[in-house]
Amino acid sequence: MKVLILGATGLLGKPLMREWSGDEVVGLGSRDVDIRDEARVLEVIEGSRADWTVLASAYTDVDGCESHPDLAFAVNRDGALNVARGAQQVGSKLLFIGSDYVFDGRKTAPYDIGDQRNPQSVYGRTKADAELGLLHTLPGCCIVRTSWLFGVGGNCFPDTILKLAASRPSLDVVNDQRGCPTYTVDLARAIIELCRKDASGIVHATNSGDCTWFEFAREIVKDAGLPTEVRPVSSQQMARPAPRPAYSVLSATSLRQYGIEMPGWQNALGRYLQERKSAT
Ligand SMILES: NC(=O)c1ccc[n+]([C@@H]2O[C@H](COP(=O)([O-])OP(=O)(O)OC[C@H]3O[C@@H](n4cnc5c(N)ncnc54)[C@H](OP(=O)(O)O)[C@@H]3O)[C@@H](O)[C@H]2O)c1
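Residues numbered from 1 in each chain as written. Predicted model: local features only at pLDDT ≥ 70, side-chain atom pairs only at ≥ 80, totals over all residues. Heavy atoms only, no water.

(A) Geometry of the pairing of strand S3 (residues 52-55). Because side chains alternate across S3, one face comprises the buried residues Trp52 and Val54, and the other comprises Thr53 and Leu55, equally buried. Bridge count between strand S1 (residues 2-6) and S3: four bridges; the pairing is parallel. Opposite Leu4, over in S3, you have Thr53 as the bridge partner. Bridge count between S3 and strand S4 (residues 93-99): four bridges; the pairing is parallel. (Buried < 20%, exposed > 50% of the residue type's maximum accessible area, 1.4 Å probe, protein only. Helix = DSSP H or I, 4+ residues; strand = E, 2+ residues; numbered from the N terminus. Pairing = 2+ DSSP bridges.)

(B) Representation of the pattern of salt bridges. Counted according to the given criterion, the structure contains 26 salt bridges. The salt bridge involving Asp63 is made with Arg240; its shortest N-O contact spans 3.0 Å. Here the residue Asp63 occupies a position in helix H3 (residues 62-67), and Arg240 occupies one in the loop between strand S12 (229-233) and helix H9 (253-256), the gap between them amounting to 177 residues. Overall, Asp63 belongs to the buried group, its relative accessible area being 16%. In this structure Arg240 comes out as exposed when scored by relative accessible area, which is 52%. In the salt-bridge network here, residues are joined through shared partners; they are Glu19, Asp186, Arg189 and Arg271. (Salt bridge = Lys/Arg side-chain N within 4 Å of Asp/Glu carboxyl O.)

(C) Molecular detail of helix H4 (residues 69-90). In this model, H4 (22 residues) spans 31 Å end to end at C-alpha, consistent with the 32 Å of a helix rising 1.5 Å per residue. For H4, every residue scored as buried is listed here: Ala72, Phe73, Val75, Asn76, Gly79, Ala80, Leu81, Asn82, Val83, Ala84, Gly86 and Ala87. Buried residues along H4 sit in contact with S1, helix H2 (38-48), S3, H3, S4 and helix H5 (122-137). A positive phi of about 75° marks Gly91, the residue just after H4. (Expected span 1.5 Å × (residues − 1). Contact = heavy atoms within 4.5 Å.)

(D) Broad picture of the packing of aromatic side chains. Per the counting criterion, the structure on display carries twelve aromatic pairs. Where Phe103 meets Tyr111, the ring centres are 4.2 Å apart and the plane angle is 10°; that geometry is what we call stacked. Judged by its relative accessible area of 0%, Phe103 falls in the buried class. Given the relative accessible area of 3%, Tyr111 is considered buried. Ring geometry for Trp148 and Trp213: centres 3.5 Å apart, planes at 10°, overall stacked. (Phe/Tyr/Trp six-rings, centres within 6.5 Å; stacked < 30°, edge-to-face > 60°.)

Structure, rendered in structure tokens:
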């Protein structure tokens, strides 16, 4: 199988490149192809002769999207559609990485794949619009929604917490947003399996279990053996430019239908901390 990974230089792209063995894989970052450039996108997908194109490229700064909506829509919606049209023209299957932020967070039970999109932020709107455009252009595509990514090789929540905890006696962390932390290595493995199983439609893929950012931070500090006190605060106390869903837990039912189970987030965090230690 020939595979083209767009966004190969990102937090998820790096483990995707590392974990994918046994197939012919080419990975590209924004320097190789800007997905806003439709002609270049087509050229790259045509040249790759890929059976699968995995689209992990995005403008992922959720707060930055609020102040740069034109850029956010150009990359996340229009860029994704360029890739879908390219894939459609050359007959490549497409797997797109979606986000839990397409939901408004008003549910209190895990979101199913058919639940209504109602994004609250610019970033969420760009990802929701991309999904709709992709399903229209390439109805057989696979949309893998995930959430709260962490991994070695880029900015992520556990890395920020560990850096702050090293120099502060206490940290205030929001306790009114609940979701599923997801280790990029586990997500990469699930994505590879989904491609091998010819997946299509919407699939939710996160580590299992859920927590608030406060609970996540408390576990990070405890696992790392740091004495830092972690204190719960409300989102109102820590106002950010982009609103976040209060609840964005994604149901694992769609992933189970492919026979895939992802480990619990605490287990994943332990492996991340090991990997981070050996990387430094
Ligand atoms: N991070 C999360 O918590 C999270 C949660 C849910 C869903 N997701 C989704 O998961 C996917 C991967 O996220 P990530 O955290 O790995 O992102 P990331 O670390 O920010 O990496 C983004 C990737 O996109 C590339 N890129 C950015 N602008 C581009 C452009 N105009 N043209 C081509 N490539 C461009 C970057 O290339 P360069 O580095 O070469 O510039 C990089 O490879 C994204 O679709 C994101 O929306 C992420």
